[in-house]
Amino acid sequence: MKEYKDNMNKELQADEQELQLSADEKSIFDQLGIFGKSRRRFLGQSSVAGLSLMASQLISIDNVFAGENATLTPPVPYKNSVDVSFTINKKVENLNLDSRVTLLDTLRERLQLTGTKKGCDHGQCGACTVIVDGKRVLSCLTLAASCEGKQVTSIEGLAEDNVLHPVQKAFIKNDGFQCGYCTSGQICSSVALMDEAKNGDASYVTEDIMDVSKNLTLSDEEVRERMSGNICRCGAYTNIVAAIQEVHQGRETDYNWQ
Ligand code: FES
Ligand code: FES
């Protein structure tokens with residue numbers, strides 16, 4: 001009997017070696033109570049890829065349930081890490097990042113600045129808009145590594161000393177949002193848009209791009225065009241334009257809601 005067991009174990013070890021099971025994958029079998037013959041049968045019927053997927057899922061679940069000890073850092077070391085230093089909302093951050101990580105994921109996952117939203121993650125909705133060196137950018141299409149030495153402002157950096165930025169106030173007064181998912185991107189975009197008007201930057205609907213002066217006064221049509229990269233699924237566009245015009249044209253309006 002003992003000899004039979006030893007032989008079984010030897011064969012099992014040979015199978016596991018042949019399939020190159022990791023320690024995690026082996027422990028999955030133990031957790032599932034699959035031993036001896038059953039394990040051999042299971043190995044024969046399943047692919048290592050499937051097992052690896054199951055292992056990684058269970059490991060993530062373990063991390064989630066680990067509470068305070070749970071970590072958001074990836075379980076494997078970065079293969080192409082880079083040191084990046086940039087200023088975010090007036091605070092210098094020195095980070096070691098995977099060279100492929102986006103600014104959006106860096107803000108949300110590394111710096112816990114979750115005000116910037118991930119909508120499409122494909123550069124199509126504008127929910128992830130932040131301001132880099134005074135220009136609005138889509139953070140889902142911007143590599144964090146490309147921000148070396150730059151000044152990044154996200155929605156969390158617009159208010160100062162607990163006083164809202166005028167555009168933030170105007171969005172509230174004009175009821176420029178419903179669910180709010182697009183709003184941080186809309187507001188960052190609007191803040192940068194004001195500077196574009198001050199600098200005399202042309203847009204698609206500028207009538208004569210050879211004759212653009214500084215301190216442009218933007219029509220509603222211009223505002224709509226310049227904000228067309230920011231989608232609002234709730235359709236709050238009319239109030240968003242009103243909020244922007246309130247700040248852009250310096251007119252004080254009352255709350256349009258009670
Ligand atoms: Fe970046 Fe949609 S999340 S454009
Ligand atoms: Fe809901 Fe714009 S307020 S998507």
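The structure under discussion appears in the preceding block.
Residues numbered from 1 in each chain as written. Chains lettered and ligands numbered in written order. Predicted model: local features only at pLDDT ≥ 70, side-chain atom pairs only at ≥ 80, totals over all residues. Heavy atoms only, no water.

Engineer: Tell me what's going on with a negative patch on the surface, and back it up with residues and numbers.
Structural biologist: A cluster of acidic residues, Glu207, Asp208, Asp211 and Glu221, forms a negative patch at the surface. Residue placement: Asp211 occurs in the loop between α7 (183-199) and α8 (220-226). (Patch = residues over 30% accessible without salt bridge, like charges linked within 9 Å, V, L, I, M, F, W, Y side chains within 5 Å. Areas by Shrake-Rupley, 256 points an atom, 1.4 Å probe, with all protein chains shown as cover. Salt bridge = Lys/Arg side-chain N within 4 Å of Asp/Glu carboxyl O. Lys, Arg positive; Asp, Glu negative; His and termini not counted. Charge placed at Lys NZ, Arg CZ, Asp CG, Glu CD. Helix = DSSP H or I, 4+ residues; strand = E, 2+ residues; numbered from the N terminus.)

Engineer: Outline the packing of helix α6 (residues 166-173) against α7, supporting the account with residue identities and numerical values.
Structural biologist: Two quantities define a packed helix pair, namely the angle between the helix axes and the distance between the axes. In the contact formed by α6 and α7, the axes pass within 9 Å of each other and the chain directions differ by 125°. With respect to α7, the element α6 is oriented oblique. Seen from above, α6 lies across α7 with right-handed handedness. For the pair formed by α6 and α7, the contact residues are Val167, Gln168 and Phe171 on the first element and Thr183, Gln186, Ile187, Ser190, Val191 and Met194 on the second. In terms of residue class, the contact of α6 with α7 is made up of 5 nonpolar, 4 polar and no charged. (Axes fitted to C-alpha atoms, helices over the stretch in contact; angles between N-to-C directions. Parallel < 35°, antiparallel > 145°, perpendicular 65-115°, else oblique. Left-handed = near helix turned anticlockwise from the far one by under 90°. Contact = heavy atoms within 4.5 Å. Nonpolar A, V, L, I, M, F, W, Y, C, P; charged D, E, K, R; others polar.)

Engineer: I'd love a proper account of α6, names of residues and values included.
Structural biologist: Considered for burial, the residues of α6 that qualify are Val167, Gln168, Ala170, Phe171 and Lys173. Residues of α6 that are buried sit in contact with α7 and α9 (237-248). Within two residues after α6, Asp175 carries a phi angle of roughly 55°, on the positive side. (Buried < 20%, exposed > 50% of the residue type's maximum accessible area, 1.4 Å probe, protein only.)

Engineer: Any details on the environment of Asp254? Residues and values, ideally.
Structural biologist: One can find Asp254 in the segment after α9. For the pair Asp254 and Lys173, spaced 81 residues apart in sequence, the C-alpha to C-alpha distance is 6.8 Å.

Engineer: How would you explain a nonpolar patch on the surface if you had to name every residue and give the values?
Structural biologist: The grouping of Leu164, Ile172, Phe177, Tyr255 and Trp257 at the surface amounts to a nonpolar patch, some 440 Å² of accessible area in total. Counting through the fold element by element, Trp257 comes out in the segment after α9.

Engineer: Any chance you could break down the nonpolar core for me, citing the residues and the numbers?
Structural biologist: In a soluble, globular protein the nonpolar side chains are often hidden away together inside. Judged by nonpolar contacts, the single largest core of 24 residues is most densely connected at Phe171, Ile187 and Ile244. Residue assignment for this core shows that the elements contributing at least two residues are α6, α7 and α9. In terms of residue count, the dominant contributor to this core is α7 (7 residues). If near-sequence neighbours (up to four positions away) are discounted, Ile187 is found in contact with Ile155, Leu158, Val167, Gln168 and Phe171. Formed by 14 residues, the second largest nonpolar core is a distinct cluster that contains Phe86, Ile88, Leu113 and Val152. (Core = buried A, V, L, I, M, F, W, Y, C linked by side-chain atoms within 4.5 Å.)

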